[in-house]
Amino acid sequence: NAGVMQNPRHLVRRRGQEARLRCSPMKGHSHVYWYRQLPEEGLKFMVYLQKENIIDESGMPKERFSAEFPKEGPSILRIQQVVRGDSAAYFCASSPMGAPNTGELFFGEGSRLTVL
Amino acid sequence: SQQGEEDPQALSIQEGENATMNCSYKTSINNLQWYRQNSGRGLVHLILIRSNEREKHSGRLRVTLDTSKKSSSLLITASRAADTASYFCAPAVAAGNKLTFGGGTRVLVKP
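Definitions and limits used
- Residue numbers restart at each chain and count upward from 1, following the sequence in its written direction.
- Written order decides the labels, with chains lettered from A and ligands numbered from 1.
- In keeping with the model being predicted, local features are shown solely for residues with a pLDDT of at least 70 and side-chain atom pairs are shown and tallied solely at 80 or more, while totals for entire chains, interfaces and linings include all residues.
- Calculated side-chain values reflect all of the structure's heavy atoms, with hydrogen atoms and water omitted.
- Should DSSP find at least two bridges between two strands, the strands are regarded as paired.
- Here a helix means four or more residues in a row that DSSP labels H or I, a strand means two or more in a row labelled E, and each is numbered from the N terminus.
- Whenever a helix is involved, its axis is fitted only over the stretch in contact; in every case the axis is a line through C-alpha atoms, and angles between N-to-C directions fall within 0 to 180 degrees.
- The contact criterion used throughout is that any non-hydrogen atoms of two residues lie within 4.5 Å.
- A 1.4 Å probe defines the accessible area here, and the buried area is the portion of it lost by two parts on being joined, summed over both.
- The term salt bridge refers to a side-chain nitrogen of Lys or Arg lying within 4 Å of a carboxyl oxygen of Asp or Glu.
- Between N or O atoms, a polar contact is any pair within 3.5 Å; within protein, one atom must be a potential hydrogen donor and the other a potential acceptor, and residues adjacent in sequence are included only when both atoms are from side chains.

(A) Structural context of the sheet that holds strand β2 (residues 10-14) of chain B. All names here are of chain B. Judged by pairing direction, the sheet is mixed, and its five strands sit side by side in the order β2-β10-β9-β4-β5 without closing on themselves. The open sheet is flanked by β2 and β5 (43-50), the only strands paired with a single partner. Neighbouring strand axes in the sheet, compared pairwise and without regard to direction, differ in orientation by 25° on average. Both strand β4 (residues 31-37) and β5 contribute to a ladder of seven bridges, which runs antiparallel. Bridged to Gln-37 within β5 is Leu-43.

(B) Molecular detail of the interface of chain A and chain B. With 24 residues of chain A at the contact, the number on the chain B side is 26 residues. For the pair chain A and chain B, the summed buried surface comes to about 1900 Å²; carbon and sulfur atoms form 47% of the total. Counting across the chain A and chain B interface gives one salt bridge. On the surface where chain A and chain B come into contact, there are six residue pairs in polar contact (both at pLDDT 80 or more). Those elements giving two or more residues to the side of chain A that touches chain B turn out to be β4 (31-37) and β5 (43-50) of chain A.

Right under this line is the structure:
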């Protein structure tokens, strides 16, 4: 049973370009969470999605960032017109249903975005 | 949801010693979870303790929960170099469906 798969693991973009980060949750999991981590800091919640629905996007910047989790395919975190401050590790986690009431989150290995 | 605050921020011990870290939170919870993050890797779930439990063990890990003080502790006994990592607590409220994390405790176990 494969874990949470994130790709790419490393992504380099120039300022103004777009970054697309993908997350395939564990098999049977229908809930996806995206987090951002700056060096030497904790994880900051960005967005929580179920299939075709955004449940909580309270941690998402209002501009340039969007997320989706379509009926088919992986969840996508999209960052438009990247700036140097977007450089960070972006982690995806999944759960089978409404965690944390039912259990833990399963994390991917992250996608490290570097903006030149 | 709410965020836990870990203390200390960093901890350095010799292999074989015990490591203890604490977590404080502010409101009522359904459960509290501890995670480990090795450098450059994703978080790994270690243990979940429910609000009606006071202590839980998993291998060399011991977690306590004091809901009256809104605090939890994680004890790693007989530490190994492989325990070097950052440790995060995540208090989970009943009504929330997301976990938020504090800055973590960075543990260095010296061989």
